[in-house]
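Breakdown of the fold
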Amino acid sequence: MRARLIGTLITLMVCILLALGVPLGTSIVRQHQDALFQDRLDDTVRFAALAGNAAPGMPTSTLNTELTRYQQVYGIAAAVLDRGGRRLVATPGYPGGDAGDVSAFLRQAYAGRHSADPAVIWPWSDRSLTVAAPVMQSGDVVGAVVTVSPTRRMRAAVLDRWLVLCGAAAVAVLLFLLLAHRLATWMLRPVRALDAATHTIAIGHLDARVTAASGPPELRRLTASFNGMAQKVEDTMERQRAFVADASHQLRNPLSAVMLRLEDLALTLPPGREEEIQNLRSEARRLTAVLDDLLELALAEQREGAVERFDVVALVEERITAWQVVADQRDIAVMRVWGGPVWTVADPTALGSAFDAVIDNALKFSPAGSVVSVTVTGTGDPVEIEVTDDGPGLPQEELARIGDRFWRSPRHQNVHGSGLGLAVARTLLAACGGRLDITTADGGGLSVTMAVPADHSPAVTV
């Protein structure tokens, strides 16, 4: 954003410099050309006066001497022509023939007018400056004097002035670039702080705040409003977590008392009521599991684990070994797919708990004799742990809801669980900068991918 703002300011500055520099550059050309034209016009008029003061027949010796010395000193070709265009006196280098390219100037001179200021001679053009003046005798035009001046020096002088002008413009652009950089940094410092704080809050650290920053008043007010909003969100989330944790704790004692009374009641009931007692026991155990999951979710939301560098493959292997007993009981094979060590920087306890929730869900819904595949990919960033099962899967309309708290598919209501396992996994992964993605596997089951930041830095050996 800072680059775009600086680019906009520099573009405006360049446009302003062009709007001022182009007319100034043109003015420099006109200034040098006007000075040269006026000087050549004065010389041409003087030669026309000398020719007009000559006796009839216009002897050429004096004029020839003047024009020759003039060319030797200034390098300017000149000629005196009669009314018919015939050259009476001409210096070397003057256009030959009937002075074709000076014919327009001669027509003005024969009409009794000296040349007007010609069109602009730019530094890249190689035009000469032609000036003609009429030769008058007794009020009549009897001829004309023409001078053809090279413009190389004038164009070089204009180019030098232009180079100075461009250099000054370049210095102005550099100074403005520094000023724009400072200005953009000052203006966007609160925006960068807001962006960093927003990202920190988005990954689960709700205590992030934006420090008092400089900048425009509008951005300072935005910073204060953001901090107030973040504080309210943190307070609301904290009250929600406290409520869930307190409710879970407070319900444990009444639930334990109910289960004890249930067992006492089972001893006094007449025969034939065992099935009802068993159903009550199942519901009580299910309620206990829900309270345990609620407490685990509350702890996961306020978890601030220790982040460290560790091998994801070693962690996954350890957790699969712990779950191998459950897999064997259900006659499910766990296939491992990975290469060498894959390193990450995260909370190993949080990642291990999230993997437990995912592998439990995969083993729970996979039929006997099926395969659960665990793949660890660490070639890019992030590291991905993919758990794929051969279970019944979910239709597309239900897939978007999986992972929501307490949500369970209507087709799986008879399967043991509370609907909080994947919600806990998603919360734990978010706390350590990861994410949880759930898609349909090729075989019809579910494919759950856990992604955590990769660490490709070389291992430090001591």
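Just so it is clear, the model here is predicted, and its values are computed rather than measured.

Our focus in this paragraph is the pairing of strand S8 (residues 371-377). In summary, the side chains of a regular strand alternate between the two faces of the sheet. Buried residues dominate S8, accounting for 5 of its 7 residues. Here strand S6 (residues 333-337) runs beside S8; their pairing, made up of 5 bridges, is parallel. The residue of S8 that forms the bridge with methionine 335 is serine 373. Sheet analysis places S8 next to strand S9 (residues 383-388), joined by 5 bridges and oriented antiparallel. Residue pairing across strands places valine 374 opposite valine 387, the latter belonging to S9. Counting the residues in the hairpin turn of S8 and S9 gives 5 residues.

Looking now at a positive patch on the surface. The grouping of Arg2, Arg182, Arg189 and Arg192 at the surface amounts to a positive patch. Looking at the positive patch, the element that brings in the most residues is helix H4 (residues 152-202), giving 3 residues. Take arginine 182: it is sitting in helix H4.

Right, let's get into the UniProt feature "transmembrane region" (unreviewed entry) in the protein chain. Under the present numbering, the feature "transmembrane region" (unreviewed entry) in UniProt falls on residues 162-180. Spanning residues 162-180, this segment combines 100% helix with 0% strand, and its end C-alpha atoms are found 26 Å apart.

Here is what the cut-offs are and how they apply
Residues numbered from 1 in each chain as written. Predicted model: local features only at pLDDT ≥ 70, side-chain atom pairs only at ≥ 80, totals over all residues. Heavy atoms only, no water. Buried < 20%, exposed > 50% of the residue type's maximum accessible area, 1.4 Å probe, protein only. Helix = DSSP H or I, 4+ residues; strand = E, 2+ residues; numbered from the N terminus. Pairing = 2+ DSSP bridges. Patch = residues over 30% accessible without salt bridge, like charges linked within 9 Å, V, L, I, M, F, W, Y side chains within 5 Å. Areas by Shrake-Rupley, 256 points an atom, 1.4 Å probe, with all protein chains shown as cover. Salt bridge = Lys/Arg side-chain N within 4 Å of Asp/Glu carboxyl O. Lys, Arg positive; Asp, Glu negative; His and termini not counted. Charge placed at Lys NZ, Arg CZ, Asp CG, Glu CD. UniProt positions renumbered as here; feature names shortened; annotations may be inferred.

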